[in-house]
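Observations on the three-dimensional arrangement
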Amino acid sequence: MADHDNHRERLLTLMEGLLGLYAYIQALFEELPLPVTIPDFAPGDSEDTPTQALLSLNRVRQLIDDEPISERDKRAFEHLVLDWFTAYELLVLTKLAGPAPWRLDCAEFSLNRVVTWIEVIEEDEPEDES
């Protein structure tokens, strides 16, 4: 029973992290040279809210190519979105199929990669010393 409680606690913590990172990603998109706005992700508000947010987040993968930013940052944004989706899918699967430790480990790994991509994006560009 204690193991079940630990898995449940970990699932809730990872879900909070997922939602927090989504909000952070929203802010990053709004700071782009050509700002991109995606809807809030609020599970439970209505059935359409998460769906619209997910579809909008996926659309960013195409829009990012039009941004006047480096290719490095374009790929970082694309990977950030894919890693966020990976964590989301694994956490949804965990809620449906049960909290298998590997699912939680994989979701946590994906969320850590999202944080890493954010750090890459926010990293200052090296100055040109020509």
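So, about the overall build of the protein chain. The secondary structure content of the protein chain amounts to four helices and zero strands. Reading the helices (α) and strands (β) of the protein chain from amino to carboxyl end gives α-α-α-α. Put simply, the protein chain has 130 residues, and 38% of those count as buried. Of the contacts made within the protein chain by residues no fewer than 6 positions apart, 65% connect residues no fewer than 24 positions apart. For the protein chain, the exposed surface amounts to about 8,000 Å²; the carbon and sulfur share of it is 53%.

By size, the foremost hydrophobic cluster in this structure holds 35 residues, and its most contacted members are Leu18, Phe29, Leu57, Phe77, Leu80, Trp84 and Leu91. If you list the elements that add at least two residues to this core, you get α1 (2–30), α2 (48–63), α3 (71–97) and α4 (101–122). No other element matches the ten residues that α3 contributes to this core. Excluding its chain neighbours within four sequence positions, the residues that come into contact with Leu57 are Tyr22, Ile25, Phe29, Ile38, Val81, Trp84 and Phe85.

This part is about α3. The terminal C-alpha atoms of α3 lie 38 Å apart, and with 27 residues this matches the ideal 39 Å at 1.5 Å per residue to within 8%. In the stretch just after α3, Gly98 is the one whose phi turns positive, near 110°.

Note on placement: Leu63 falls in helix α2. According to the relative accessible area criterion, Leu63 is partly exposed, its value standing at 28%. The spatial distance from the C-alpha of Leu63 to the C-alpha of Leu34 is 9.5 Å, given a sequence separation of 29 residues.

This brings us to the pattern of salt bridges. Across all of its chains, the model carries nine salt bridges by this definition. Among the salt bridges present, the one from Arg10 reaches Asp105, with a minimum N-O distance of 2.7 Å. Of this pair, Arg10 sits in helix α1 while Asp105 sits in helix α4, and the two are 95 residues apart along the sequence. Notably, a salt bridge pairs Arg75 with Glu78, separated by 3.1 Å at the nearest N-O pair.

Reading the values: the criteria
- Residues numbered from 1 in each chain as written.
- Predicted model: local features only at pLDDT ≥ 70, side-chain atom pairs only at ≥ 80, totals over all residues.
- Heavy atoms only, no water.
- Helix = DSSP H or I, 4+ residues; strand = E, 2+ residues; numbered from the N terminus.
- Buried < 20%, exposed > 50% of the residue type's maximum accessible area, 1.4 Å probe, protein only.
- Contact = heavy atoms within 4.5 Å.
- Areas by Shrake-Rupley, 256 points an atom, 1.4 Å probe, with all protein chains shown as cover.
- Core = buried A, V, L, I, M, F, W, Y, C linked by side-chain atoms within 4.5 Å.
- Expected span 1.5 Å × (residues − 1).
- Salt bridge = Lys/Arg side-chain N within 4 Å of Asp/Glu carboxyl O.

Interpretation in functional terms is not warranted from these geometric data alone.
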